[in-house]
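Geometric and topological summary
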Amino acid sequence: MMDEMETLNYRGWQFLCAGEQLPAGRFHATVRHRTVPGDEMRTLVFDREKHGTAGAALERAKMLAMKWAEEHDALGHTDA
């Protein structure tokens, strides 16, 4: 099976969440953020937890993205 990816817009942030396959065949969650200005993708999270499917890793990535956004909202991010 291949990687699964999904864009998530949450609290004014835009994330690319993915369940990415590792060489051993398991999957891990990754979260990337689209920066403004510049429209660059920055990796925020490589989760250490391993999953049996890309879908499970993708769901974990979405949870991690929402948690990251909530933590950074507390630091002063506002919707532009």
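Per chain, residue numbering runs from 1 following the sequence as it is written. Thresholds applied to this predicted model are a pLDDT of at least 70 for local features of residues and 80 or more for the giving and counting of side-chain atom pairs; totals over whole chains, interfaces and linings are not thresholded and use all residues. Remark: hydrogens and water are excluded; side-chain values derive from all non-hydrogen atoms of the structure.

1. Remarks on the nonpolar core
Core analysis: the largest hydrophobic core is formed by 13 residues, its most contacted members being Phe15, Cys17, Val31 and Ala65. Numbering of helices and strands runs from the N terminus, with a helix taken as a DSSP run of H or I at least four residues long and a strand as a DSSP run of E at least two residues long. Considering every element that reaches this core, the biggest residue donor is helix H1 (residues 54–73), with six residues. We call two residues contacting when some pair of their heavy atoms lies within 4.5 Å. Setting aside residues no more than four positions away along its own chain, Cys17 makes contact with Glu4, Met5, Glu6, Leu8, Thr30, Leu58, Ala61, Lys62 and Ala65. Remark: nonpolar core denotes a set of buried residues (Ala, Val, Leu, Ile, Met, Phe, Trp, Tyr, Cys) joined through side-chain atoms within 4.5 Å. Each residue gets one of three labels from its accessible area relative to the maximum for its type: buried under 20%, exposed over 50%, partly exposed in between, using a 1.4 Å probe on protein chains only.

2. Concerning the pairing of strand S4 (residues 41–46)
By the bridge criterion, five bridges tie strand S3 (residues 27–34) to S4 in an arrangement that is antiparallel. Across the sheet, the residue bridging to His33 is Arg42, located in S4. Between S3 and S4, which pair antiparallel and follow one another directly, the connecting turn spans six residues, one of which, Gly38, has a positive phi of 110°. Any two strands between which DSSP finds at least two bridges are classified as paired.

3. What to know about the sheet that holds S4
The sheet built from four strands is open, its strands ordered S1-S2-S3-S4 with antiparallel pairing. Since the sheet does not close on itself, it has two edges, and those belong to strand S1 (4–10) and S4, each with one partner. Direction aside, neighbouring strands of the sheet carry axes that sit 25° apart on average. One ladder, built from seven bridges, connects S1 with strand S2 (residues 13–21); its direction is antiparallel. Along S2, the bridge assignment pairs Leu8 with Phe15. Angular values range over 0 to 180 degrees, each being the angle between N-to-C directions of two axes fitted as lines to C-alpha atoms, with helices fitted over their stretch in contact. Sitting on the sheet, H1 touches S1, S2, S3 and S4, and the angle it makes with S2 is about 150°.

4. Topic: the pairing of S3
Burial of S3 is extensive: seven of the eight residues sit out of reach of the surface. Alignment of S2 against S3, held across seven bridges, turns out to be antiparallel. When the sheet's bridge partners are listed, Glu20 is paired in S3 with His28. Turn length for the S2-S3 hairpin, with the two strands adjacent in sequence and antiparallel, is five residues, and the turn residue Gly25 shows positive phi of about 105°.

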